[in-house]
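Structural overview
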Amino acid sequence: MNKLSEQASINLSVVHGAVLPSSVLTTNLRQMLERAANSSTGIVFVSENNTTDFLAYRDLLAAAERILQGLRQLGLQPQDRVILQLHNPRHFFICLWGCFLGGFVPIPLGVELTGESRKLQQTQELCNAAVVITDRVLENIPTVQVEDLLLGDREAWAEPNRPQEENQPWHEGNLDDLAVLLLTSGSTGKPKGVMLSARNLLASIYGMATVNRLTQQDITLNWMPLEHVASLVMFHLTEVFLGCQQIQVKSELILQNPLQWLNLIQQYRVTTTWSPNFAYNLVNEKLSKLSDRVKPDWDLSCLRWMGNGAEAVVGKTTKHFLELLAPYGLSPTVVSPGYGMSETTSGIAHSQDFYLHLDREFVSVGAPIPGVSLRIVDEEHQVIPEGEIGLLQVQGETVTTGYYQQPELNNEIFTDDGWFNTGDLGFLKSGQLTITGRQKDVIIINGVNYYNHEIETIVEAIAGVNISYTAACGVMDVNQQEQIAVFFHTDYQGDELRGLINTIRRDVFTQTGVAPAYIIPVTPETIPKTAIGKIMRSQLSQRFATGEFKTVISEVQELFNQRNLSHQDLPGNAIEQRLVEVWRQVLKLDKIGVKDNFFELGGNSLLLMQVLSLLTPEYDLSAVLLFQHPTIAALANYLYSDLHSNLHSERESLAVQQGKRRGELRRQATGNQAIAIIGMSCRFPGANNLNEFWSNLCHGVESISFFSDQEIINSGVDKELVNNPNYVKASPILEDIENFDADFWGYSPKEAQLLDPQQRLFMECAWSSLEDAGYDPLNYQGDISLYGGAATNTYLLNNIYPHRHQIDRQDDLQVMNLSSMGGFQVTTANDKDYLTTRTSYKLNLTGSSVNVQTACSTSLVTVHLACQSLINGECDMALAGGVS
């Protein structure tokens, strides 16, 4: 055989997916949602506390239209960037689709517990977004609240005579317009914006659905963060494309208890789900620890496809997973490894026969999806023979056009002939792709990329670490999960070394969001370098795998266990003692002080979720609170304060939740907004209550009192004034106005004497109106608002001010002001601006307290404002009225 024929017989490492049907690219994103809105399915949301909510696709479309209108009212134009940093997944999807409908470019940004302001700032600097939509309060960041967009738009859409032409049409964009920006880690620690078009999204959606044979009858479940490309494309957009039901679960729920993943699969009869490899390992660990008496009663035969991707797939882990769950009806063919990244719009290869090759060292991730081609090349980008390991390159309809505003990076990632460099190593055999490693130094933890040199820079900035002998490497733990190991050189020993290790853990975690699993002090000679001084990280990882550093790791562990705890470091109460027990169990340390920082002792996000899982049956906690209180002393102090908070705080919390819920229901109402008057109280001349007043009106009773000259003179009126022919000896008089129950209201006799009788009367009527309604304001769990007004205070002019020198003998109140105690008391007791706040305080009303003054129409205006407050959902009940 000559050389030419020999070369022709060699199969090269190139494989092409099926041709992408042209019909796939004749639709667009908004048409997908419009089509799904005709079905009865939608999204089930499962929160951290396992409560559920449902959003039908038709309601998603309607809410997205409200967001669209709100953004247009803010002046946004097609292709404007919009950052979405939303904790509530319902809000996230509504805003995402609002952007799609308007041709705006959403930028999903995770709500991180550490470094979120820094990441948001970096994203804004990179993308120059027109607006940040959030459901939280962010300091120093210009944002718009998602509720403002929804509620403001609801009011506009509720107008009965709204012209139809004002409802602007959805944006008709081009398939190659920028549709979404996904952030991925950058080699400098700053994010890169992966540009994905509608073409990219549609091709990926079709590939996911077709290769894995998904239909409208499928029920899918996702619990990974929504800013992850697989969660967004494979487990949301694909479902909208199919019109099938999707279950979206908050990550914290599964991370606290990985078996909840399987509980939900059974509960909803899920057919399709996914996770990175680490979660399969978490299930293995949790399930292996269960005794036979508490084994769950699962039927997992409903599962047809379980994706495994975003990080290295370990055959041993998956095999153990399948063996443990076989008794529960899980098919041995269900797990499907896949390969993809943000730059390829999620999965571009899916394995269909993984179960046949579980024992292989490297796991096949399958063949490419339609519209995608793969090839393996050498360093010169020449295609190499099949079966040889080389650099993986991708081409096709799902591949990004590059990074946003970073042309220098785009020149690096694309070859001259248009192939995308993935940075991964692998080989092709019989059309199947197998990944064997990475070309660049990147560590993947729980599906997230971390750059080695970024971690090394953080470590070498710490005092005590000797420069140029630091290496951050990816290593495998006993469960074959990739972890970060930091090798460093220092002159510190003993307590100083322990403190330095704590600082390394803390600084790396706070700046990157991931904690090193191993921090290993070594001699300079231990760090292998090339002739030009470059650290050989791969060699360190290989030596770690052989067990070379086991002794050093044990010595570091012993360094923490042998330390002597002072009296101040020991738990001082039952709560601290319980926290110490939990930390010991999770961190696997013998000695833990109450002032130790969880993340300095080796804690990370996953371990934090284990702590949360162990403590939530006893205490009301969240992951955010654990981050905010990283020491036992701080957390115990918070829990002690929380457990001993008074009943009012609990009522207030319930009231806020109840008020929001009722307000939401009112705002959703499009028809009848009737308000019930459930209690009234009044004091009029000749009538001490409502029944007497009504009786007087019905019978024409005269309620004006007439007085003799002597009665008027005895009341203190000057005799000459009484004899004036223009003086009217009649007045509307309230009975027993001086009989104010100061003890009931918590006033001293002197305070009651200073208090404007109008305010006394207003308070009494407010109380009796609530009593008439049958509500005790001290125990009512909702928000009660108060709107009121009072007339000019003649009591201050005629009674208090003339006797001001008697108020406080130590005050010289010739001039009334706030500079003395007596003057201040007089002001607060008589100024009408204190009318409603005083009453709300005394009656424990937690809603708004608003003073109204519109002369003769004051009481009418208070009623109007109270009605508006109820309609807008600002309170659950309202008091309104006036006094003169």
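Before going into details, it helps to say that this report is about the structure given with it. Position labels on residues start from 1 in each chain and follow its written sequence. Restriction of local features to residues with pLDDT of at least 70 applies here, the model being predicted, together with a cutoff of 80 or more for giving and counting side-chain atom pairs; totals for whole chains, interfaces and linings are based on all residues. In computing side-chain values, all of the structure's heavy atoms are included and hydrogens and water are not.

1. Some thoughts on the overall build of the protein chain
Helix and strand counts for the protein chain stand at 32 helices and 30 strands. Out of the 884 residues belonging to the protein chain, those deemed buried represent 50%. Here, residues are in contact when the closest pair of their heavy atoms is within 4.5 Å. Within the protein chain, counting contacts between residues at least 6 apart in sequence, those at least 24 apart form 69% of the total. Surface summary for the protein chain: the accessible area is close to 42300 Å², and the carbon and sulfur share equals 50%. The way it works is that DSSP assigns letters per residue, a run of H or I at least four long becomes a helix, a run of E at least two long becomes a strand, and they are numbered from the N terminus. Burial status follows relative accessibility: with a 1.4 Å probe on protein chains alone, a residue under 20% of its type maximum counts as buried, one over 50% as exposed, and anything between as partly exposed. To measure how exposed things are, a 1.4 Å probe is used in the Shrake-Rupley method; for residues, cover is taken only from the protein chains shown.

2. Some remarks on the pattern of salt bridges
By convention in these notes, a salt bridge is any Lys or Arg side-chain nitrogen within 4 Å of a carboxyl oxygen on Asp or Glu. Considering all chains together, one arrives at 17 salt bridges under this definition. For the salt bridge of Arg-90 with Asp-53, the shortest nitrogen-to-oxygen distance reads 2.7 Å. In this pair, Arg-90 sits in helix 4 (residues 89-102) while Asp-53 sits in strand 3 (residues 52-56), placing the two residues 37 residues apart along the sequence. What makes Arg-90 partly exposed here is its relative accessible area of 24%.

3. Observations regarding the sheet that holds strand 28 (residues 784-790)
The parallel open sheet is built from three strands, whose spatial order is 29-28-30. Single-partner strands in this sheet number two, and they are strand 29 (849-851) and strand 30 (877-883). Across the sheet, the axes of successive neighbouring strands diverge by a mean angle of 15°, strand direction being ignored. To get an axis, fit a line to the C-alpha atoms, keeping to the stretch in contact for a helix; angles then go from 0 to 180 degrees between the N-to-C directions. Along the sheet face, helix 28 (residues 757-773) touches strand 28 and strand 30 and points at about 145° away from the line of strand 30. Against the sheet, helix 31 (residues 835-843) engages strand 28 and strand 29, with an angle of about 140° to strand 28. Here, any two strands with at least 2 DSSP bridges between them count as paired.

4. Examining the packing of aromatic side chains
For Phe, Tyr and Trp, where Trp contributes only its six-membered ring, two rings pair if their centres lie within 6.5 Å, and the inter-plane angle classes them as stacked under 30 degrees, edge-to-face over 60, or tilted in between. Taken as a whole and judged by the stated rule, the model has 21 aromatic pairs. Geometrically, the ring pair formed by Trp-97 and Phe-100 is edge-to-face, given 5.1 Å between the ring centres and 85° between the ring planes. Taken together, the residues span about one helical turn, with Trp-97 and Phe-100 both in helix 4 at a distance of three residues. Of the two residues, Trp-97 and Phe-100, neither departs from the other in class, the shared state being buried.

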